[in-house]
Amino acid sequence: MKIAIFGQYYQNDTRPIIKDIFLFLKKNHVELVIEAAFLKILCNEQILKKEYATFETHSDLDISFDLMISIGGDGTILRAATFVRGSGIPILGINAGRLGFLAKVQKDNIEEFLQLVLDQKYTISERTLLQLECEPNNPSIGTLNFALNEVSVSRKDTTSMITIDTYLNGEYLTSYWADGLIIATPTGSTGYSLSCGGPVLTPDVQSWVVTPIAPHNLNARPLVIPDSTEIRLQVSGREANYMVSLDSRIATLNRNETLVIRKNPFTIRMVEIPEESFLTTLRSKLLWGEDKRN
């Protein structure tokens, strides 16, 4: 088995997790290729001494890889997706962060779950992505114009709200007068959108969530729409610029530019361990239905 490793180092908390992962994979004769910047950190911290093969860009990953392991939190998985892109390489998240909603494998059961992976006792969850285009074309968006969690627009350099004229498949929906607007995937429905009052979607639902951020028009509520919908956003406000983010990547656009959001042509494949299903994660990490009376 050939596995790519991508991760982040969180000082002392991460050291035993990383050591356990590499010891287990080495013991099972797994071929490892490590992201170059991550390997440099691990060598500087004297966690690894052996020289490993490395990758630096998405073009270094091909169909010869069986899996990518992401070591960190959910943000690390979002960055791992920018390496995997449309290659079809599944991603397994090992949680070295805090909540770790996407990073399913916890530090207490790393060997157990990695053994399930080596034995191929797992399933694949296909995660749809959003694709962003700008009219006219803006080079700050670049080729990383997709998002696993959400695309959001928000105010910049001002405390004033912005107005976001929103069109679905060419038909006018409404003008959100708010701090911003989130377009979330089912994967991202448990993130920023949820904190702004949006609903939770199961990963297999073919829908997006449109969630306003602190809307002034109080009758504006989150809206669930089919993921086949083309969304057009036109932003206006007191300032000439506004911000757009694709997961953790941020760009500044001017108010003369229109955003077009639609389904991305490729998906991200996430490794699902039977013991850590989406519903199990809802209960354990979001305390779904938690009640002190029970």
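Just so it is clear, the structure is predicted and the values come from calculations on it, not from any experiment. (Residues numbered from 1 in each chain as written. Predicted model: local features only at pLDDT ≥ 70, side-chain atom pairs only at ≥ 80, totals over all residues. Heavy atoms only, no water.)

A. View of the overall build of the protein. Along its length, the protein carries six helices and 19 strands. Relative to the compact-globule value of 19 Å for 294 residues, the protein shows a C-alpha radius of gyration of 20 Å, a close match. Each of the three principal axes of the protein carries a C-alpha extent, and together these read 60 × 55 × 35 Å. A buried classification covers 50% of the 294 residues belonging to the protein. Of the contacts made within the protein by residues no fewer than 6 positions apart, 67% connect residues no fewer than 24 positions apart. Working note: accessible area of the protein is about 14,200 Å², and carbon and sulfur atoms make up 48% of it. Across the protein, the mean location of the 29 positive side-chain charges is 4 Å away from that of the 34 negative side-chain charges. (Helix = DSSP H or I, 4+ residues; strand = E, 2+ residues; numbered from the N terminus. Rg over C-alpha atoms; globule rule 2.2 N^0.38 Å. Buried < 20%, exposed > 50% of the residue type's maximum accessible area, 1.4 Å probe, protein only. Contact = heavy atoms within 4.5 Å. Areas by Shrake-Rupley, 256 points an atom, 1.4 Å probe, with all protein chains shown as cover. Lys, Arg positive; Asp, Glu negative; His and termini not counted. Charge placed at Lys NZ, Arg CZ, Asp CG, Glu CD.)

B. Seen up close, the sheet that holds strand β18 (residues 258-263). Taken together, the six strands give an open sheet; going across it, the order is β8-β7-β18-β15-β10-β11, and neighbouring strands pair in antiparallel fashion. Of all the strands in the sheet, just β8 (146-147) and β11 (171-178) have a single pairing partner and so form its edges. Of the pairings in the sheet, the one linking strand β10 (residues 162-168) to strand β15 (residues 231-236) comprises six bridges and is antiparallel in character. Residue pairing for β15: Tyr167 is matched across the bridge by Arg232. (Pairing = 2+ DSSP bridges.)

C. Region of interest: the packing of aromatic side chains. A full pass over the atoms with the stated rule returns five aromatic pairs. Linked through ring pairs, Phe6, Phe55 and Phe83 together constitute an aromatic cluster. When the ring centre of Phe65 is taken as reference, the NZ or CZ atom of Lys2 above it lies at 4.3 Å. Between Arg249 and the ring centre of Phe146, over which it is positioned, the NZ or CZ distance is 5.6 Å. (Phe/Tyr/Trp six-rings, centres within 6.5 Å; stacked < 30°, edge-to-face > 60°. Lys NZ or Arg CZ within 6 Å of the ring centre and 35° of its normal.)

D. Quick peek at the layout of surface pockets. Taken as a whole, the second largest pocket encloses approximately 150 Å³ of empty space. Around the second largest pocket, the lining residues are Ile18, Lys19, Phe22, Leu23, Lys26, Ile47, Leu48, Lys49, Lys50 and Tyr52. For the lining of the second largest pocket, the per-class residue count stands at six nonpolar, no polar and four charged. (1 Å grid on protein atoms, 1.4 Å probe; cavity = no way out; pocket = protein on both sides within 12 Å on 5 of 7 lines; lining within 4 Å. Points joined across faces, edges and corners; volume = space filled by probe spheres on them. Nonpolar A, V, L, I, M, F, W, Y, C, P; charged D, E, K, R; others polar.)

E. Inspection of the packing of helix α1 (residues 15-27) against helix α4 (residues 110-118) at higher detail. Taken N-terminus to C-terminus, the directions of α1 and α4 make an angle of 35°; their axes are 10 Å apart at the nearest point. Both α1 and α4 take part in a crossing whose hand is right-handed. Contacts from Ile17, Ile21, Phe24, Leu25 and Lys27 of α1 reach α4 at Ile110, Glu111, Leu114, Gln115 and Leu118. Among the residues making up the contact of α1 with α4, the classes are represented as seven nonpolar, one polar and two charged. (Axes fitted to C-alpha atoms, helices over the stretch in contact; angles between N-to-C directions. Left-handed = near helix turned anticlockwise from the far one by under 90°.)

F. Seen up close, the pairing of strand β9 (residues 150-155). Counting buried residues in β9 gives five out of six residues, a clear majority hidden from the surface. Where β9 and strand β12 (residues 180-184) come together, five bridges link them in antiparallel fashion. Paired with Glu150 across the bridge in β12 is Ala184. Pairing between β9 and strand β16 (residues 241-246): five bridges, direction antiparallel. Opposite Ser154, over in β16, you have Met243 as the bridge partner.

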